[in-house]
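For reference, the chains in residue letters:
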Amino acid sequence: MDVYYDKNFWYRKREGQKGISPLKKISVDASFCWKDIEGFIPAFYVGSEGAVLDVCIRVPFPEIERYFGRWTEEKRLSGLTDEEFEEMQSDSPFPSDFRIEMGLDGEELTSGFMCSTVWHPYKAEEQYADEEAEALMEEYGCDRGAGWMFTRWNYGWSGQPVLTPERMTLSFRADRQPVTAGYFITAEGAEGETHEITDPDSGETYVLTVRTCSNEMMDEEMKRTLDQEMEYPSFYQVIAWDAEPEILKDELQIQDCSRGDAPRWKDSGKRNGAVSVAVMCSEKLPGDTPADPPGEQQKILRTACSSLHFEPVEEVRWRAVFLRRRRGDMTMEIEL
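For the structure given in this document, a descriptive report is provided here. (Residues numbered from 1 in each chain as written. Predicted model: local features only at pLDDT ≥ 70, side-chain atom pairs only at ≥ 80, totals over all residues. Heavy atoms only, no water.)

## Observations concerning the packing of aromatic side chains
- For the coordinates displayed, the defined rule picks out nine aromatic pairs.
- Between the aromatic rings of Trp-34 and Phe-98, the centroid separation amounts to 5.9 Å while the plane-to-plane angle is 85°, which identifies the pairing as edge-to-face. Residue Trp-34 is located in strand β1 (residues 24-34), and its partner Phe-98 is located in strand β4 (residues 98-104); the two are separated by 64 residues in the primary sequence. For the pair Trp-34 and Phe-98, one class covers both residues: buried.
- A ring pair is formed by Phe-98 and Trp-153, whose centres lie 5.7 Å apart and whose planes are at 45°; its orientation type is tilted. In this pair, Phe-98 sits in strand β4 while Trp-153 sits in strand β7 (residues 147-156), placing the two residues 55 residues apart along the sequence.
- One aromatic cluster in this structure is built from Phe-32, Trp-34, Phe-98, Trp-153 and Phe-172.
- Stacked on the ring of Phe-310, the Lys or Arg Arg-264 has its end atom at 3.5 Å from the ring centre. (Phe/Tyr/Trp six-rings, centres within 6.5 Å; stacked < 30°, edge-to-face > 60°. Helix = DSSP H or I, 4+ residues; strand = E, 2+ residues; numbered from the N terminus. Buried < 20%, exposed > 50% of the residue type's maximum accessible area, 1.4 Å probe, protein only. Lys NZ or Arg CZ within 6 Å of the ring centre and 35° of its normal.)

Printed below as a string of structure tokens:
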């Protein structure tokens, strides 16, 4: 099996292409267990352009059947809300909430492109077939008594290429995943309202206070940057809020439960597109705005914007989303 730098599993070198050569394979065959993830590192590949790491993750059949039974037979994916889609991703037995950093002989490589594919015999709506996954199963001798997820990670050299390494360091880093923990509704005049939200992991309760709440319209300057053949929703609600005790912005977010209205063609004979537009919000210190209440100058004031609508927004149902890691970081030291 030929492996090329910065190419995915499905890349095929075509006749006549110049300057593209397969990388040199270095066998590893090191197993690992990272909390709920079990797998092994079969090999990695090096060349003057960079390095490529292949990872095989074992997934038991019952977990795959349960997942597909819930999300492809009982629900249509096109009808999922944002919250359901996040739940579906969190429920997947094929993990995607992590990244891997690599070092060779003490030199850290720069992370780049990655891709993944899966092998399993479970049939949902049509016959499952993946030529590349079959090739990976054969190449790495994976047990067909379970399903498998294959990930391929590309790395660039930060210094001179290390083409004959003696030691490899792999650092598994967990990404934050969203967990919805509560809901509340705001309308104009909601200033001063408080809402209690409990962290599902720690059990700690946070008091969210709405400092400002107003109805706004999308800026005309922004509209001019969009497709002029379409009409876009303009109305939205924006709130400013803080939390007690304080919590980092990458640990708690407030999001609109509604997706809002989709843009529509100005020519009524055309079908509406699936494109959407969002209003970006920011975080600031309360001292930066005259709307800040007295005595709250040291708190971080955050803003949240609702989805866009064609009519003025009377009220918005928000959800409080904690961003949590499901596992701690892990490092592997492998002698080659």
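Moving on from the model shown.
## Re the pairing of β4
- Most of β4 sits out of view: five of its seven residues are buried.
- In terms of strand pairing, β4 meets strand β8 (residues 167-174) through seven bridges, oriented antiparallel. Each residue of the ladder has a partner; that of Arg-99, found in β8, is Arg-173.
- The antiparallel hairpin formed by β4 and strand β5 (residues 107-108) contains two residues in its connecting segment, where Asp-105 sits at a positive phi of about 50°. (Pairing = 2+ DSSP bridges.)

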